[in-house]
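An overview of the molecular structure
Now for the letters of each chain:
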Amino acid sequence: MSGTAIPILLKRAHKLPSPTGVALSIMQLCDDERVTIGQIATLVQSDPALTGRLLKQANNLAEGMMWPVVSAVEAVNRLGVQSVRLLALSFSLVDQYGRGECEHFNYALFWSHALLMAVAVKDLGEMLELGMADELFSCGLLSRVGCLALATAYPMEYSAILVRGLEPRNLLAEERKALDTDHIAMTDRLLKQWGLPEVLIEPLKFHEDPEAIIYAHGTRQWRLATLVHLSLRIANFVLHPSKDPAFQLSELHLLAGKLGLDESDFTECVDDLLQQWRMWGNSLNVQVNDVSSFAAMVESHTQWFKVLVAGEDARFAEVISDYLRDECKYETLTTDNSQDALSLALKFKPHAVLTFGSGQRMNSKGLCQALKSNTWSQHIFVMMLLENDDEHRVLAAFDAGGDDCLPQPVHLRCLQARLHTQARYVRISEAWERDHKRLRMAAEDLAQSNQRLLQSALTDPLTALSNRRAGLHTLAQTWSNASRYSAPFSVISIDIDHFKCINDLHGHMVGDDVLKLVSECLQKQARKEDTVCRWGGEEFLIICPNLELREGAYMAERIRQAIALNPYATDTQSIYITASLGIATWDNQIGSIEQLLGNVDQALYAAKRGGRNCVGVQAKQQVRVLKVA
Ligand SMILES: Nc1nc2c(ncn2[C@@H]2O[C@H](COP(=O)(O)OP(=O)(O)OP(=O)(O)O)[C@@H](O)[C@H]2O)c(=O)[nH]1
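Residues numbered from 1 in each chain as written. Predicted model: local features only at pLDDT ≥ 70, side-chain atom pairs only at ≥ 80, totals over all residues. Heavy atoms only, no water.

In the annotation of an unreviewed UniProt entry, the protein is listed under the name diguanylate cyclase and assigned to Rhodoferax aquaticus.

1. Here we look at the overall build of the protein
The line we're drawing: To qualify as a helix, a DSSP run of H or I must reach at least 4 residues; to qualify as a strand, a run of E must reach at least 2; elements of each kind are numbered from the N terminus. Each residue is placed in one exposure class: buried if its accessible area under a 1.4 Å probe, protein chains only, is under 20% of its type's maximum, exposed if it is over 50%, and partly exposed if it falls in between. The contact criterion used is simple: two residues touch if any of their non-hydrogen atoms lie within 4.5 Å. Computed with a 1.4 Å probe, the accessible areas rest on the Shrake-Rupley method; for each residue, only the protein chains presented here act as cover.
Broken down by element type, the protein carries 27 helices and 13 strands. With 629 residues in all, the protein has 48% of them scored as buried. Look at the contacts in the protein between residues 6 or more apart in sequence, and 66% of them connect residues 24 or more apart. Accessible area for the protein stands at about 31,300 Å²; split by element, carbon and sulfur atoms hold 52% of it.

2. Brief notes about the sheet that holds strand E2 (residues 331-335)
Heads up, the condition is: The pairing criterion for strands is at least two bridges between them, as found by DSSP. Under this scheme, a helix contributes an axis fitted over its contacting stretch, all axes are lines through C-alpha atoms, and angles between N-to-C directions fall in the 0 to 180 degree range.
The 5 strands are arranged E2-E1-E3-E4-E5 in an open sheet whose pairing can be described as parallel. Among the strands making up the open sheet, the edge pair consists of E2 and strand E5 (404-407). Across the sheet, the mean angle from the axis of one strand to that of its neighbour is 20°, orientation sign disregarded. Across 4 bridges, the pairing between strand E3 (residues 352-356) and strand E4 (residues 381-386) is parallel. Among the inter-strand pairings, Val-353 is bridged to a residue of E4, identified as Val-382.

3. Focus: the nonpolar core
Threshold: Buried residues of nine kinds, namely Ala, Val, Leu, Ile, Met, Phe, Trp, Tyr and Cys, make up a nonpolar core once their side-chain atoms join them within 4.5 Å. Start and end positions for the domains come from either an automated domain assignment or a database one.
Counting residues in hydrophobic clusters, the biggest one holds 102 residues, and the most contacted among them are Trp-111, Tyr-158, Leu-230, Phe-266 and Phe-294. Here this core spans two domains, since at least three of its residues come from each of domain 1 (18-96) and domain 2 (106-297). Residues contacting Tyr-158, with those up to four places away along its chain left out, are Cys-102, Phe-105, Cys-147, Leu-150, Ala-151, Leu-171, Glu-175, Leu-179 and His-183. Core analysis: the second largest hydrophobic core is formed by 33 residues, Ile-492, Val-518, Ala-553 and Tyr-568 among them.

4. Focus: the packing of aromatic side chains
The line we're drawing: Pairing of aromatic rings covers Phe, Tyr and Trp, the last counted by its six-membered ring, and requires centre-to-centre distances within 6.5 Å; plane angles under 30 degrees mean stacked, over 60 mean edge-to-face, and any other angle means tilted. Placement of a positive charge over a ring is assigned whenever Lys NZ or Arg CZ falls within 6 Å of the ring centre and within 35 degrees of the normal to the ring plane.
Summed over all chains, the structure comprises 12 aromatic pairs. The ring of Trp-280 has Lys-56 sitting right over it, with the charged end atom 3.7 Å from the ring centre. Lys-306 extends its terminal NZ or CZ atom over the ring of Phe-348, reaching a point 5.2 Å from the ring centre.

5. Side note on the site of the ligand
The line we're drawing: Whether a residue is near a molecule or strand depends on its heavy atoms: if one lies within 4 Å, it is near. Definition of a polar contact: a pair of N or O atoms within 3.5 Å, with one able to donate and the other able to accept a hydrogen when the atoms are protein atoms, and with sequence-neighbouring residues admitted only if both atoms are side-chain atoms. Throughout this entry, Asp, Glu, Lys and Arg are counted as charged residues, while Ala, Val, Leu, Ile, Met, Phe, Trp, Tyr, Cys and Pro are counted as nonpolar. The remaining residues, Gly among them, count as polar.
Contacts to the ligand come from 16 residues, most closely from His-498, Phe-499, Lys-500, Asp-512 and Arg-534. In the environment of the ligand, a nitrogen atom lies 2.9 Å from a nitrogen or oxygen atom belonging to the side chain of Asn-503. One nitrogen or oxygen atom from the side chain of Lys-608 is found 3.0 Å from an oxygen atom belonging to the ligand. Bound to the protein, the ligand loses 66% of the 670 Å² it would expose on its own. With 4 residues, the top contributor of residues to the shell around the ligand is helix H25 (residues 508-525). Each residue belonging to the shell around the ligand can be placed in one class, and the counts come to 3 nonpolar, 5 polar and 8 charged.

6. Overview of the sheet that holds strand E6 (residues 489-496)
The strand order across the open sheet built from 6 strands is E7-E8-E6-E11-E12-E13, with neighbouring strands paired in mixed fashion. Single-partner strands in this sheet number two, and they are strand E7 (531-536) and strand E13 (622-626). Strand-to-strand twist of the sheet, defined as the mean angle between neighbouring strand axes without regard to direction, takes the value 20°. Pairing analysis gives 7 bridges linking E6 to strand E11 (residues 579-585), with the strands arranged antiparallel. Bridge pairing in E11 links Ile-496 to Ala-579.

7. Brief notes about the pairing of E2
Note on strand geometry: in a regular strand, side chains alternate between the two faces of the sheet. Quick note on the threshold: When the strands point away from the viewer and the path from the first strand over the helix to the second turns clockwise, the crossover is right-handed.
The sheet contact formed by strand E1 (residues 306-311) and E2 spans 5 bridges and is parallel. Each residue of the ladder has a partner; that of Val-307, found in E2, is Thr-332. What joins E1 to E2 is helix H18 (residues 314-328), and the crossover it makes is right-handed.

8. Regarding unusual backbone geometry
With omega at 0°, the peptide bond leading from Gln-408 into Pro-409 counts as cis. The residue Pro-409 is located in the loop between E5 and helix H22 (412-457) in this model. The backbone of Asp-180 sits at a positive phi, close to 65°, despite the residue not being glycine. Relative to the elements of secondary structure, Asp-180 occurs in the loop between helix H11 (168-179) and helix H12 (183-193). Its relative accessible area of 25% is what places Asp-180 among the partly exposed residues. Positive phi is not limited to glycine here, since Lys-329 has a value of about 60°. Judged by its relative accessible area of 37%, Lys-329 falls in the partly exposed class.

What follows is the structure, given as structure tokens:
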């Protein structure tokens, strides 16, 4: 957190969410190493609501055991001291912060969402063996407590941000701009303060943006961060349904798949956790929606799967089509001839084609071959319904490019099961495709940022010339070319004369402008193949490949004149600028770049000593200064 915000936050620290009463006493007591279970249980008993909730949680854990947990001592024993501490904290926050001053912060929705995340992180986390149930529950419940903290500490300011309904990424940026902190940082701060395990806190930082996860794929930390993100998406799916629930669902299944959860296990688990969410909602007085089962939601959003039924027997085609529409909620079309089937496939873009018949109007084998030979239709799943399942017919169906076949009479339930698998495959592969596209875009963004970073690391910000580091790199390349092809090259150093006086007399801003003016002048004078760089302060270097000493000396002299003839004009006066230049050329005798640069320096110093505004030339261990008559 930077500058001004610390005092503001410190001033408002007392307004940040914190447990009170019995919960606070329990937390303090649990932090004492000598505490006994009996002491904690006595404290728990002083709060009947808390006792009831802990008993419920302990009995959830004890599911399948012969005797239910009935006393506070047993509950504390079963849950463990740390779990009791975290649960007391969580329940206390839910009780106290059900309402508040921040106008556009929906407190009821916040807790409803948090509770659903809590149950999701706990249930899925247990299934994936990522931690202890109660720790996972508290971690899920408080994973976005930073939002509540901002609403509590800055009610007016945060309300003004929330009313704009920003996307998560923009919301974070706005929070930082207006409050100099954000809800992710606040969550991190509070959870550390409340003593949640560090291994659970760290992954929470990435729960809104899984592409930013820094952990290696498949590690425990990666799985935790992905789990919390999945739980966030489940809670969003239930509480903030989008215009495209089928899309949201396919994203959920893809994420679950990444965590190794099988689709039917996942559906079952979500159904179970929705039930728990309702139970917890009642017990904690948190509002919960009356949602239909998750399995039913999955079922009702499979409508997008489109099937073209193309069969010679139009009546039978209608029967299949009606069944798929009514029972599976698929979108269907029927036809009884091959030609129409192709044009319908082009317009309707079905995910699957069911075809049967080998008469004049409908040639299912021919239709299958036509679909599989066109690029636009190759991917369509083609199922052929055969008159019987003799080996010859089955092999011929696959030879024609069919993806699957069923013998007639068709068992509609079997057909449904096969198409359902295909629909699931299509849904996952579409989601995968989107995921892949997002990753590719993220990789492109990263490559561009890296390129910009590299560029800025090699560029002088004031003059936009190559900087010293880039200059050294070019020198090394030029050196290696010269050694390989025995092609000479020259290096010219340019140092503005009495630059300190310009700064002292006219100020640094003018000094900067003069540096820019000189750099433009150098670029104009340099050849295309030369590299002009800012070597430091008021010194520049030009690396000139394939330039002998004689021509190099002419070029240096030309540059000197150009600088001298190009004064810097202010509104009131012209500032005359001169520079001293040194030049040296590579030859086989020079053993290193440092030696060559040393020669250029000698030439430059000679020019300075020789009265400035002139060119020093270093050749064959001799230095001379070119004097202009
Ligand atoms: N405005 C401005 N001044 C700079 C920058 N970098 C270095 N300087 C100044 O450049 C001046 C260089 O001064 P000196 O090394 O004494 O050289 P000089 O005054 O040019 O004298 P001679 O080279 O001996 O002719 C110092 O005052 C630096 O503060 C810059 O980016 N902008």
